[in-house]
Amino acid sequence: MSDASFVDTLGVYDRTADDGTAHLRLDVTDRHLNEAGTLHGGVLATLVDTAMGHAVRSRTGEDGVPATSQLTLTYLRPGAPGSLLVTGRVSKQGEHLTVCEADVEQDGRSLVHAVATFAVLHR
């Protein structure tokens, strides 16, 4: 059994987060494609959820654990093999809930826009 996380297994790299904004990258290969030959929507959902979760965590610190309570994706165009940049950012931060937005870009074009609400669980 591997010690790699799910996003590590997908090939996500360059994860950074600071003051409510997070970035990550993925180089899309054939293993990320669906049967139609485009980037699988579940991969995109994972990427935006991960980026927004990191953005929340950059505000809450290690004691706050973001739990996705709502996630909405708008798929704007299909993705293909190549490099993706994902940006997640905190839009509104309340006492118990945080609202975020995320975008996925490939070759300077938007593939996905997402909005999510996170409940912040405290350890």
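Just so it is clear, the model here is predicted, and its values are computed rather than measured.

Cut-offs and rules
- Residues numbered from 1 in each chain as written.
- Predicted model: local features only at pLDDT ≥ 70, side-chain atom pairs only at ≥ 80, totals over all residues.
- Heavy atoms only, no water.
- Pairing = 2+ DSSP bridges.
- Helix = DSSP H or I, 4+ residues; strand = E, 2+ residues; numbered from the N terminus.
- Axes fitted to C-alpha atoms, helices over the stretch in contact; angles between N-to-C directions.
- Contact = heavy atoms within 4.5 Å.
- UniProt positions renumbered as here; feature names shortened; annotations may be inferred.
- Salt bridge = Lys/Arg side-chain N within 4 Å of Asp/Glu carboxyl O.
- Buried < 20%, exposed > 50% of the residue type's maximum accessible area, 1.4 Å probe, protein only.
- Polar contact = N/O pair within 3.5 Å; in protein donor to acceptor, adjacent residues only side chain to side chain.
- pLDDT = per-residue confidence, 0-100.

With that out of the way, let us pick up the sheet that holds strand S4 (residues 82–93). Reading across from one edge, S1-S2-S4-S5-S6-S3 is the order of the six strands in this open sheet, with antiparallel pairing throughout. Looking at strand neighbours, the two that pair on one side only are strand S1 (13–18) and strand S3 (64–75), the edges of this open sheet. Across the sheet, the mean angle separating the axes of adjacent strands is 20 degrees when strand polarity is ignored. The strands touched by helix H2 (residues 41–60) within the sheet are S1, strand S2 (21–28), S3, S4, strand S5 (97–106) and strand S6 (109–122), with S3 carrying the most contacts at an inclination of about 140 degrees.

As a further point, take the UniProt feature "domain: Thioesterase" (unreviewed entry) in the protein. Residues annotated in UniProt with the feature "domain: Thioesterase" (unreviewed entry) correspond here to residues 37–111. Helix makes up 27% of residues 37–111 and strand 49%, and the two end C-alpha atoms of the span are 15 Å apart.

Our next topic: the pattern of salt bridges. A full pass over the atoms with the stated rule returns three salt bridges. Here Asp 8 and Arg 15 are joined by a salt bridge, their closest N and O atoms 2.5 Å apart. Taking the relative accessible area as the measure of exposure, Arg 15 reaches 37% and is therefore partly exposed. Across the pair Asp 103 and Arg 89 runs a salt bridge, and its minimum N-O distance is 2.4 Å. On the criterion of sequence distance, the pair formed by Asp 103 in strand S5 and Arg 89 in strand S4 is long-range, its members being 14 residues apart. Assessed through its relative accessible area of 18%, Asp 103 is described here as buried.

Attention shifts here to the environment of His 32. Turning to its location among the elements, His 32 is positioned in the loop between S2 and H2. Judged by relative accessible area, His 32 falls into the buried class, the value being 3%. Excluding anything up to four places from it in sequence, His 32 contacts Leu 10, Leu 26, Asp 27, Thr 38, Leu 39, His 40 and Val 43. Looking at His 32, its side chain comes within polar contact range of the main-chain nitrogen of Thr 29, at 3.0 Å.

It is worth spelling out the side chain of Thr 98 at this point. Relative to the assigned elements, Thr 98 resides in strand S5. The contact partners of Thr 98, leaving out residues within four places of it in the chain, are Val 56, Val 90, Lys 92, Gln 93, Ala 116, Thr 117, Phe 118 and Val 120.

The subject of this paragraph is the confidence of the model for the protein. Scored by pLDDT, the protein comes out at a mean of 94, with 98% of its residues at no less than 70. In the model of the protein, helix H1 (residues 6–10) stands out as the element of lowest mean pLDDT, 92, in contrast to S2, which has the highest, 98.

All right, on to the pairing of S6 then. Bridge count for S3 against S6 is 11 bridges, and the pairing is antiparallel. Pairing of Leu 71 across the sheet is with Ala 116, part of S6. Of the strand pairs in this sheet, S5 and S6 are connected by 10 bridges, and their pairing is antiparallel. When the bridges of S6 are listed, Leu 97 appears paired with Ala 119. The turn joining S5 and S6, which pair antiparallel and follow one another in sequence, is formed by two residues; a positive phi near 55 degrees is taken by Asp 107.

Turning to the environment of Thr 60, a few remarks are in order. Position of Thr 60 among the secondary structure elements: in helix H2. Residue classification places Thr 60 among the partly exposed positions, given a relative accessible area of 24%. C-alpha of Thr 60 to C-alpha of Leu 121: the two residues are 61 residues apart in sequence and 9.9 Å apart in space. Filtering out sequence-adjacent residues up to four positions away, Thr 60 remains in contact with Gln 93 and Val 120.

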